[in-house]
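# Notes for the structure review
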Amino acid sequence: MAQARAKIILAGEHAVVYGHPAIAQPIDLEVRIHAIKSLEPGLVFLNPKMDPQHKSDSLFAQVQPKLVSLFGDRVEKLVFEIDSDIPGGCGLGSSAALSVGLIRAALEHFGESGSPEEIALMALELEKIFHGNPSGVDHTVIAHEDLIWFQNGQVEKINAYRPLKFSIMMASPHAGTRAVVEAVRQRRLQDEVAVNKIFSGISEIVFSMRSQIEQGNLREMGLLMNRNQRLLKQLGVSTPELDQLCEQAIQNGALGAKLTGAGGGGCVIALFAE
Ligand code: PMV
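Residues numbered from 1 in each chain as written. Predicted model: local features only at pLDDT ≥ 70, side-chain atom pairs only at ≥ 80, totals over all residues. Heavy atoms only, no water.

## Structural notes on the pattern of salt bridges
Just so we agree on the cut-off: Salt bridge, as applied in this entry: a Lys or Arg side-chain nitrogen positioned within 4 Å of an Asp or Glu carboxyl oxygen. Here a strand is any run of E in DSSP of at least two residues, a helix any run of H or I of at least four, and the numbering for each starts at the N terminus. Burial classes: relative accessible area under 20% of the type maximum marks a residue as buried, over 50% as exposed, and values in between as partly exposed (1.4 Å probe, protein chains only).
Taken as a whole and assessed by the stated rule, the structure comprises 16 salt bridges. For K66, the salt bridge identified is with E125, shortest N-O distance 3.7 Å. Highlighted residues: K66 in helix α2 (residues 63-71) and E125 in helix α4 (residues 116-131), separated in sequence by 59 residues. Judged by its relative accessible area of 23%, E125 is partly exposed. Of the charged contacts in the structure, one is a salt bridge between E112 and R74, with a shortest N-O distance of 2.9 Å. Of this pair, E112 sits in the loop between α3 (94-109) and α4 while R74 sits in the loop between α2 and β4 (78-84), placing them 38 residues apart in sequence. Its relative accessible area of 35% is what places E112 among the partly exposed residues. Here R74 falls in the partly exposed class, since its relative accessible area comes to 36%. Linked through salt bridges whose partners overlap, the residues forming this network are E30, R32, D83 and D85.

Here it is, written out as structure tokens:
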């Protein structure tokens with residue numbers, strides 16, 4: 001049985017699509033996938049928690065041919081049983097976990113293995129089906145299973161000085177990462193200067209966040225998360241519900257809080273002291 005964990009983005013979402021860095025880490029929710037020999041190939045979902053955006057048959061129909069192009073005709077004799085704990089449309093990387101999990105399940109079935117880099121490269125081909133033009137941060141952090149710095153396809157492990165304790169709060173699901181990323185693209189077409197300024201601000205936050213993580217300055221990290229949230233709000237990807245969850249978290253003692261992933265709904269992460 002192969003597995004792939006969900007992820008959170010600590011800082012840098014959206015700007016990362018335009019070549020800026022982001023920081024992400026895996027969390028303890030997973031998808032489990034079992035590849036079984038079969039006469040009819042296919043994907044079988046054992047529970048209904050998958051992302052509504054993935055439920056589109058036309059997207060799923062593209063997965064099998066893509067797997068054939070990656071693994072050859074031998075995958076035509078496989079059915080993938082998928083059991084996911086990762087809620088969809090919540091910015092936790094459900095499609096990226098599905099992509100990495102399918103690659104791992106196929107490799108496992110054929111008695112083969114791959115490095116995180118090789119798995120990420122193959123998973124990107126599946127992730128493109130769901131996301132169109134992903135930055136790659138989601139499937140990369142899931143393939144590496146570590147706290148990472150990601151920029152333009154390059155990945156570096158970050159050594160945190162102390163454990164980072166996040167609470168994750170869920171708002172209503174969003175309309176799909178693809179739709180939110182497209183809305184940002186449209187906004188940038190209308191006002192490139194303003195949107196680029198937001199991206200530069202986010203980028204600065206990501207650089208500072210890395211130093212604070214490495215030095216263990218949780219209070220500074222919290223303040224950076226709050227700043228990142230304000231910029232995501234300016235970008236138009238937060239919602240009143242997400243803003244309210246951030247405020248509640250701060251009132252309840254969080255050092256900082258922000259939406260994670262695409263926004264437009266989904267989840268808020270809040271950092272607490274040890
Ligand atoms: O909502 P998620 O988990 O798919 O995160 C998307 C992160 C974005 O930066 C908004 C998109 C991307 O491709 O990096």
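## Focus on the packing of α2 against α3
A packed helix pair is summarised by two numbers, namely the angle formed by the two axes and the spacing between the axes. Let me state the cut-off plainly: Convention adopted: a line fitted to C-alpha atoms gives each axis, helices being fitted over their contacting stretch, and angles between N-to-C directions are expressed from 0 to 180 degrees. Our angle categories are set so that under 35 degrees counts as roughly parallel, over 145 as roughly antiparallel, 65 to 115 as roughly perpendicular, and the remainder as oblique. With the far helix as reference, a near helix turned anticlockwise by less than a right angle produces a left-handed crossing, and one turned clockwise produces a right-handed crossing. Residue contacts follow a heavy-atom distance rule, with two residues in contact if any of their heavy atoms lie within 4.5 Å. Only Asp, Glu, Lys and Arg are considered charged, only Ala, Val, Leu, Ile, Met, Phe, Trp, Tyr, Cys and Pro nonpolar, and every remaining residue, Gly among them, polar.
Where α2 meets α3, the axes come as close as 12 Å, and the angle between the chain directions of the two elements is 50°. Between α2 and α3, the angle is such that the two are oblique. For the pair α2 and α3, the sense of crossing is right-handed. Residue-level inspection shows V63, L67, L70 and F71 of α2 in contact with α3, the latter providing L102, I103, A106 and L107. Considering only residue class, the contact of α2 with α3 consists of eight nonpolar, no polar and no charged.

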